[in-house]
Amino acid sequence: MSSGNGLVFLSILCRWAKSKTRLMMRKRLESYKTVPKGKTAVYVGQKDGEFQRVLVPVAYLNHPLFEDLLKESENEYGFSYPGGVAIPCGISYFEGVLRRIKMGASEPWHKLPRLS
């Protein structure tokens, strides 16, 4: 293969790789943007660590346990936190709160054992 053909091949390969990368990034962004009807996305995690995106039923937002989590978020981050709503707790604790809401519990979250 001559050097001219090699450069053409390399150019085509680079364009293909860029298009594949753009497609993968677009799919990833679309999956983050897609939220089923009746749900909302929140981000759960510690301020100094990774946050995990969790889809939550909109009906949970008015529940006293979830309202306590939102107040904690406001105290931690204020109203100007970039991105979506961030909940400052460990994912296992958050999942426990969701289970309690699903079961119909309304005990304030600060009375529950704090799981990081």
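Residues numbered from 1 in each chain as written. Predicted model: local features only at pLDDT ≥ 70, side-chain atom pairs only at ≥ 80, totals over all residues. Heavy atoms only, no water.

Digging into the packing of aromatic side chains
Inspection of every chain in the model, using the stated rule, returns 2 aromatic pairs. Each ring, one from Phe66 and one from Phe94, has its centre 6.1 Å from the other, and the planes form 70°; the classification is edge-to-face. Taken together, the positions of Phe66 in helix α2 (residues 64-77) and Phe94 in helix α3 (residues 91-103) put the pair 28 residues apart, joining distant regions of the chain. Phe94 matches Phe66 in its accessibility class, with the two residues each being buried. (Phe/Tyr/Trp six-rings, centres within 6.5 Å; stacked < 30°, edge-to-face > 60°. Helix = DSSP H or I, 4+ residues; strand = E, 2+ residues; numbered from the N terminus. Buried < 20%, exposed > 50% of the residue type's maximum accessible area, 1.4 Å probe, protein only.)

Things to note about the pairing of strand β1 (residues 39-44)
With 6 bridges connecting them, β1 and strand β2 (residues 52-57) associate as antiparallel partners. Its bridge partner being in β2, Thr40 is matched across the sheet by Val56. Here β1 pairs with strand β3 (residues 85-87) via 3 bridges, running parallel. Residue pairing across strands places Val44 opposite Ile87, the latter belonging to β3. (Pairing = 2+ DSSP bridges.)

Looking at the sheet that holds β3
Pairing in this open sheet of 3 strands is mixed, and the strands run β2-β1-β3 from one edge to the other. Since the sheet does not close on itself, it has two edges, and those belong to β2 and β3, each with one partner. Between one strand and the next, the sheet's axes are offset by a mean angle of 45°, whatever the strand orientation. In the packing of α3 onto the sheet, contacts are made with β1, β2 and β3, and the angle to β2 comes to roughly 5°. (Axes fitted to C-alpha atoms, helices over the stretch in contact; angles between N-to-C directions. Contact = heavy atoms within 4.5 Å.)

Section: the nonpolar core
For soluble globular proteins, the rule of thumb is that nonpolar side chains tend to be buried together. Grouped together as the largest cluster of nonpolar side chains are 15 residues, with contacts concentrated most on Val42, Val56, Phe66 and Phe94. Breaking this core down by element, the ones donating at least two residues are β1, β2, α2 and α3. In terms of residue count, the dominant contributor to this core is α3 (5 residues). When residues no more than four places from it in sequence are discounted, the contact partners of Val56 are Gly38, Lys39, Thr40, Val42, Phe66, Phe94 and Leu98. (Core = buried A, V, L, I, M, F, W, Y, C linked by side-chain atoms within 4.5 Å.)

Focus: the environment of Gly83
Counting through the fold element by element, Gly83 comes out in the loop between α2 and β3. For Gly83, a relative accessible area of 72% corresponds to the exposed category. Separated by 41 residues in sequence, Gly83 and Val42 place their C-alpha atoms 9.6 Å apart.

Here we look at the confidence of the model for the chain
Mean pLDDT over the chain stands at 77; residues scoring 70 or higher make up 66%. When pLDDT is averaged over each element of the chain, β2 comes out on top at 93 and helix α1 (residues 3-33) at the bottom at 62. (pLDDT = per-residue confidence, 0-100.)

Some thoughts on the layout of surface pockets
Its volume calculated, the largest pocket comes out at about 180 Å³. Broken down by secondary-structure element, the contributors of at least two residues to the lining of the largest pocket are α2 and β3. Residue composition of the lining of the largest pocket, by class: 6 nonpolar, 4 polar and 1 charged. (1 Å grid on protein atoms, 1.4 Å probe; cavity = no way out; pocket = protein on both sides within 12 Å on 5 of 7 lines; lining within 4 Å. Points joined across faces, edges and corners; volume = space filled by probe spheres on them. Nonpolar A, V, L, I, M, F, W, Y, C, P; charged D, E, K, R; others polar.)

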